[in-house]
Amino acid sequence: MTVRRVQLPKGPEGQKDVNDYRDQPEIIGQTVDLDVPRGKDPGERKRPVIEIKSGELPAIVDAAEDALLAEGCDIYQSGGRLVAIGHTDPSRRRSSVRRIEGAPRLVPVTPIHLREVLTRAAQWLRYDARAQAMRPVDCPVAVAAALIDRGRWSLRELIGYIEAPTVRADGTPITAPGYDEATGLYLVPGSPQVELISTPTHENAVESARALAAAVSSWPYVDSGDLSAAVAMIMTMLYARSVDAVPMACVTAPTPGTGKSLLVDAGSIIATGRRAAVVSLGRDPTEAGKRLAAGLLAGDSPLVADNVETPLGDELLCQAITQPWLSIRPLGTSTPVRVPSRTALAATGNNLVIRGDLTRRVMMIRIDAKLERPETREYEGDILADLLHSRSELIAAAITVTVAYHRAGCPVVPVSPLGGFHDWDRLVRRPLVWAGLDDPLGPTADIRNDDPDRAAMVALLTAMAETYGDRTVTAADIIDDAARGAPRYAGDGYAYDHPALHDAVRQVCGDRVDARRLGYALRRYRGRIADGLQLQSEARYGPAKVAGWRVVTV
């Protein structure tokens, strides 16, 4: 619908609104057409009538929700709140997440917003005692506020919005704009239209996989597995809303200027038509969690932690990758909000370090130009502009790979299963291997060796095995033995009786070494196997009845 704004001149006495000028177009001033989506024109349908009567608020709120359902308004429930799909306002500069102008985002519905929508969806009447008749009025704010705060609705549930055709978890494509009842996804109108092969074959999948690989072949990958991981990143950004969990794409390079952020933006251009939303995690874990939560609340996908300088392994980050729903407390409120976490997360950094539980939740992409100043490399043409130009074809290629694999009955491929990412494995990883590319998780195998948490655990277990054999000791015993030694005669440092144990304890505990801190670490390592060693515990050991620890060979 087009809304026309009309500038009215001062007319003869008695002409007070636009209806009085309807038959006198010659005196109407300049008009301005504004293309604003308004839903159905109230004149094109018969709106339900809602009479406002005292003491009947619950029934009125029920009728208001029924009017929203009948109208098909784009108001949804998501995580215990009512939301709508808005767009980034370029005038709002202060934000922890940097978004491109016009990028969609989820916005909470306010009473004033809902009042406007309800006024359009129904005809509201209130009894006028003076006229002794029912008069049309706007929807009362109290009704809109009561509907928002109700906490339970019959409105459609929104899992997320998408800006390109995608596939469902069963491998069937979503190409029609609007709300998809099967998945709860909303394909934003104006998304690219794609031409898909009705019954794609293995040959079609191979050709499509090669086309995707050629589209991102300009970067200096370490090996072919990294190129396959880059293709998998594109498909992950397209499919992230359809499945509960997808691995985080981590682009790393030894030297700044190699093109890490550009590669992530290339995937985002294909998936959304714009550069990715960027968040800076910083060095404070608490502040990093707040910034990440802001992006998840707004429904940003992909969401990129750019130029990470510290080891990645935040708890909220791990939860956002594998948990389908998160409980997040928005800034300025004390009430947590349950939000779907179906977001394609990515990170870039120089010699990026992944630690702890995050090591099994990422997909590494390594690039290395082998130059002192890789920023001086020249790319052929404008990469992002070229990808944007061929966006529809690349989206169709990605969907073809997945649909062909599922139509073939999901053939077995020579890769081990990835726990926690079953649907992603069947939509992205296995189809790509079936189509002739390398395993996109191949480059990820080495990150466990670079994990500082695992390195500290291996050092401690190895030192304990060398010092105690399979004998049971307490955390206090380990601290005492690690600190035992004598000053060197030349005054050059300290000669420890067990230097490997001393270094391992410092590596685990950091600057504050004590039995309590070491005990917490030992409990985290209990039962884990590393380099053929396993840490076992014995409850109520010794005269003090404290936990005992020993290392055994398995």
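Notes on the structure in this doc start here. Everything numeric here is computed off the predicted structure, so don't read it as measured data. Residue numbering note: each chain is counted from 1, following its sequence as written. Under the rules for a predicted model, residues below a pLDDT of 70 receive no local features and side-chain atom pairs below 80 are neither given nor counted, while totals for whole chains, interfaces and linings still include all residues. To obtain the side-chain values, all non-hydrogen atoms of the structure were used and water was disregarded.

What about unusual backbone geometry?
The condition is simple: Note on conventions: DSSP H or I runs of at least 4 residues are helices, E runs of at least 2 residues are strands, and numbering of each starts at the N terminus.
Cis geometry is adopted by the peptide bond preceding Pro302, which originates at Ser301 and carries an omega value of 0°. Locating Pro302 in the fold gives a position in the loop between α7 (285–297) and β17 (303–305). The phi angle at Asn351 is positive, at roughly 50°, despite the residue not being glycine. Assignment of secondary structure puts Asn351 in the loop between β20 (345–350) and β21 (362–366). Of note, the phi angle at Asp531 is positive, near 55°, even though the residue is not glycine. Tracing the chain through its elements places Asp531 in the loop between β24 (529–530) and β25 (533–541).

Observations regarding the pattern of salt bridges
Here is the rule we go by: Salt bridge criterion: a side-chain nitrogen from Lys or Arg within 4 Å of a carboxyl oxygen from Asp or Glu. Think of it in three bands: residues with accessible area under 20% of the maximum for their type are buried, residues over 50% are exposed, and the middle band is partly exposed, with areas taken using a 1.4 Å probe on protein chains only.
Under the counting rule described, the total for this entry stands at 20 salt bridges. Here Arg355 makes a salt bridge to Asp453, at a shortest N to O gap of 3.5 Å. With Arg355 in the loop between β20 and β21 and Asp453 in helix α13 (residues 452–468), this residue pair connects regions lying 98 residues apart in the sequence. The exposure class assigned to Arg355 is partly exposed, which follows from its relative accessible area of 30%. Residues Arg429 and Asp439 are paired through a salt bridge, measuring 2.9 Å at the closest nitrogen-oxygen approach. You can see Arg429 sitting in helix α11 (residues 422–434) and its partner Asp439 sitting in the loop between α11 and α12 (447–450), a full 10 residues away along the chain. For Arg429, a relative accessible area of 3% translates into the label buried. Salt bridges sharing partners connect three or more residues here, namely Asp425, Arg429, Arg430 and Asp439.

A short note on the pairing of strand β5 (residues 82–87)
Inclusion rule: DSSP-based pairing: two strands are paired if at least 2 bridges between them are found.
Two strands pair when backbone bridges link them, and strand β4 (residues 76–77) and β5 are joined in this way by two bridges, in the antiparallel orientation. Residue Tyr76 lies in a different strand from β5, and its bridge partner there is Val83. As paired strands, β5 and strand β7 (residues 104–108) are joined by five bridges and run antiparallel to one another. If you follow Gly86 over to β7, its bridge partner there is Arg105.

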